[in-house]
2 protein chains.
Amino acid sequence: MTQPRKATIYDIARLSGASPSTVSAALSGAWKARRISESTVETIRKIAAEQGYATNMQARGLRQARSGLVGLIIPVHDNRFFSSMSQSFEAQARDRGLVPVIASSLRDPAEEMRIVETLASYAVEYLFVAGATDPDSISAFCNAAGLRHIFVDLPGNGGPSVISDNHRGATDLAEKLLAEKPDLPQEARNKIYFLGGNRSSHATSRRIEAFRAALTRHGTPPSPEQIITCGYAPRSAMREIAALMDRLGGLPAGLFVNSLTAFEGVLGHFVNLPPEAFAQSVIGCYDYDPFAAYLQFPVHMVRQNSNHMIEQAYALIDRGINDARVIEVEPELIQPRTIYKGLFGEMG
Amino acid sequence: MTQPRKATIYDIARLSGASPSTVSAALSGAWKARRISESTVETIRKIAAEQGYATNMQARGLRQARSGLVGLIIPVHDNRFFSSMSQSFEAQARDRGLVPVIASSLRDPAEEMRIVETLASYAVEYLFVAGATDPDSISAFCNAAGLRHIFVDLPGNGGPSVISDNHRGATDLAEKLLAEKPDLPQEARNKIYFLGGNRSSHATSRRIEAFRAALTRHGTPPSPEQIITCGYAPRSAMREIAALMDRLGGLPAGLFVNSLTAFEGVLGHFVNLPPEAFAQSVIGCYDYDPFAAYLQFPVHMVRQNSNHMIEQAYALIDRGINDARVIEVEPELIQPRTIYKGLFGEMG
DNA sequence: AGCGGTTGCACAATCGATAGTGCAAGAGAT
DNA sequence: ATCTCTTGCACTATCGATTGTGCAACCGCT
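Residues numbered from 1 in each chain as written. Chains lettered and ligands numbered in written order. Predicted model: local features only at pLDDT ≥ 70, side-chain atom pairs only at ≥ 80, totals over all residues. Heavy atoms only, no water.

Visitor: Pulling in residues and values, what's your account of the protein's contact with DNA strand D?
Guide: Near DNA strand D there are 27 residues, and of these T22 of chain A together with I9, S24, R34 and R63 of chain B occur at the shortest range. Between G17 of chain A and DNA strand D, the recorded distance is 3.4 Å, taken from a backbone N or O atom to a phosphate oxygen. Between a base nitrogen of DNA strand D and a main-chain N or O atom of A59 of chain B, the distance comes to 3.3 Å. Looking at the surface near DNA strand D, the elements with two or more residues in it are α2 (20-28) and α4 (57-64) of chain A together with α1 (9-16), α2 (20-28) and α4 (57-64) of chain B. A total of 4 residues in the surface near DNA strand D trace back to one element, the largest contributor, which is α4 of chain B. Each residue belonging to the surface near DNA strand D can be placed in one class, and the counts come to 8 nonpolar, 13 polar and 6 charged. (Near = heavy atom within 4 Å. Polar contact = N/O pair within 3.5 Å; in protein donor to acceptor, adjacent residues only side chain to side chain. Helix = DSSP H or I, 4+ residues; strand = E, 2+ residues; numbered from the N terminus. Nonpolar A, V, L, I, M, F, W, Y, C, P; charged D, E, K, R; others polar.)

Visitor: Account for the protein's contact with DNA strand C, naming residues and giving values.
Guide: Near DNA strand C, the surroundings consist of 27 residues, among which I9, S24, R34 and R63 of chain A together with T40 of chain B are the closest. Near the protein, meaning within 4 Å, the atoms of DNA strand C are sugar or phosphate in a fraction of 48%, with bases accounting for the rest. Here S24 of chain A contributes a side-chain N or O atom positioned 2.5 Å from a phosphate oxygen of DNA strand C. Contacts to DNA strand C include R34 of chain A, whose side-chain N or O atom sits 2.3 Å from a base oxygen. Contributing elements (two or more residues each) for the surface near DNA strand C: α1 (9-16), α2 and α4 of chain A together with α2 and α4 of chain B. Within the surface near DNA strand C, the residues separate by chemical class into 8 nonpolar, 13 polar and 6 charged.

Visitor: Lay out the interface of chain A and chain B with the relevant residues and their values.
Guide: Each side of the interface is counted separately: chain A has 77 residues, and chain B has 76 residues. If you sort the residues of chain A by the area they bury against chain B, Q58, F291 and Y294 of chain A come out on top, with a joint share of 15%. The interface formed by chain A and chain B contains 4 salt bridges. R94 of chain A is paired through a salt bridge with E111 of chain B; the nearest N and O atoms lie 3.2 Å apart. Counting the contacts that link chain A with chain B gives 26 residue pairs in polar contact (both at pLDDT 80 or more). For the side of chain A that touches chain B, the secondary-structure elements that each account for two or more residues are α4, α5 (80-95), β2 (99-104), α6 (109-121), α7 (135-145), α11 (234-248), α12 (260-270) and α14 (342-345) of chain A. Within the side of chain A that touches chain B, the residues separate by chemical class into 41 nonpolar, 23 polar and 13 charged. (Contact = heavy atoms within 4.5 Å. Buried area = accessible area lost by both parts, 1.4 Å probe. Salt bridge = Lys/Arg side-chain N within 4 Å of Asp/Glu carboxyl O.)

Visitor: Explain the relation of the copies chain A and chain B to me, and be specific about the residues and the numbers.
Guide: Rotating chain A by 180 degrees and moving it 0.0 Å along the rotation axis overlays it on chain B with an RMSD of 0.0 Å. In short, the pair behaves as if placed about a two-fold rotation axis. A share of 97% of the interface residues of chain A reappears at the interface of chain B, consistent with the copies meeting face to face through the same patch. (Least-squares fit on C-alpha atoms with pLDDT ≥ 70 in both.)

Visitor: Can you break down α1 of chain A residue by residue, with the values?
Guide: When α1 of chain A is considered as a whole, its buried residues turn out to be I9, D11, I12 and A13 of chain A. Positive phi shows up at G17 of chain A, right after α1 of chain A, with a value of about 80 degrees. (Buried < 20%, exposed > 50% of the residue type's maximum accessible area, 1.4 Å probe, protein only.)

Dropping the structure here:
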């Protein structure tokens, strides 16, 4: 109610008797370098506080050709893997005095590109792209625009990438599925299925490689029908698992679900099954969700270390690295029916 | 590689032979009003496209005193309720040609206030605040700064609010817990517990009211120890449920968990229990998570309609409403072991 | 040819902050 | 008292876009 419009350095200058440039220096912290006396600074600070002054970041950004913004593009918000990443990204951005802007592309390349352009328009200082659907176009654009960018989760060829060690994570998970229980004959036990994801994505193809290699090591290379890459949408995963169970007359000995979203779809089907249906099966999911860790049946989950991935990405930026190197971060296999300890580590 | 720096309207002006103001009009869409010929516009558009021109939003924002940004503050990202809200918020922001900026406060009032100030510095056009911890301070600041704001999930006194009908949702859930199974004597069956949240928050206090009223209707008003408001942190919820089960020698006949984060903590304890432990209990949780819908024991969940809440909030903005009215949106009780249909509705 | 009315565009001010530069007043040295 | 520094600050241009205003050129008409 004091003022309808926000106070500017000109208002503060008028009220304090100083010039706008002095006010700017006083409030921006540049006053020492500009030899403004401490007493003047104090006066100005007091008046600024009274007036509720706040720097107009658009003006500062325009003048400095910087914005103080960092962008992160993720496929979706409502997914534990990406929302955890958002949480880490935001915390680390703040630690650096940057303001995080997070946008979701819904895995649509056109939307993704539009977001990149929008964020560039706002002069974000760095752009993190998680789960990029079209990394090359993004790099082309960013390199032309002089925008530093870094890929997370899925790698790109036009800039540095931090991804998780998908081969390792998938190997661990596949071996787990093969090693666990069912008192089935060896051959039946090896008949495990891979479900979800997109073959053209780097992560999925690495995971499939690992899956295939694990089965091969165990003496029974998978047939093509054992690898069902039906995308990430819950609905299609639900359709596929239903069709598969129809064909097999029940669950396979093991199921490797390739993302939380696909897993949601799988659950959409499981919901109709009796508990006994799971007796002869082992279920695994690449990615972790604390609730999924306590379902009716045990689920082996791979927890990607999104916090560490973001740390590494910021570290690359700090080191001024712009070339197309790839850094891999180790994921962790979580025992079924356990809640990840880190979840409780830093709280209360 | 074309240019190290981004092209500006001055560059386009030089290349096209037009003046900067003409270029601006051509590219911003104002050319008709400014009587720029269509052929000139075409030429300019072509050159702009070649140069990869993109409007500098900081400059535009400075000049127009608008930014094209809308802010949303949520407590945390990695929670299904809030991340779903983010998803809705983002989609609806884009529909309006606005760029969403989402920040999390971690339920820290100081951090929350800092975020409000930061977003104000960037001249966001509207500010949505979900789960506000200190709504009055936010309103005071925003009203002084001329920043339109709206509360979601938790109401405020200094601006319009869209919240869910907590009393209704909690009544439905409490009645469900009271109605379900156990073949216990009436009195033991009525001994259900409320766990989590913060008494000083409006949502929690309304839910407690409803909880209390439901028990009273059934003839056994709750004793104080039946209502455990231990905040939202998983860790403290875990501690409290452990302590409670210690006191009771097992689970109570019913447990009303007051948030997903608290529920995570509860699961952290349940993880150590045998399946039989749940035989005589009914579990409910205020808020919905698709994975939680398929745990070892059935869980009754209340799904708040965050998408509709965001719609209503935008509608208030459109209608130019700034007073402190409160709009309530109906939540939905989800049957255990069902996956919310909407989850699959709009996908592939 | 002269006149009022469009067309199509250029000029210049402006948004708020920052940064290069210049200058008066005071301190210190001789 | 003069000269040289230093201190403390004001002036002014600038970032890139938008917008109010002015003005030639051209049109049709008389």
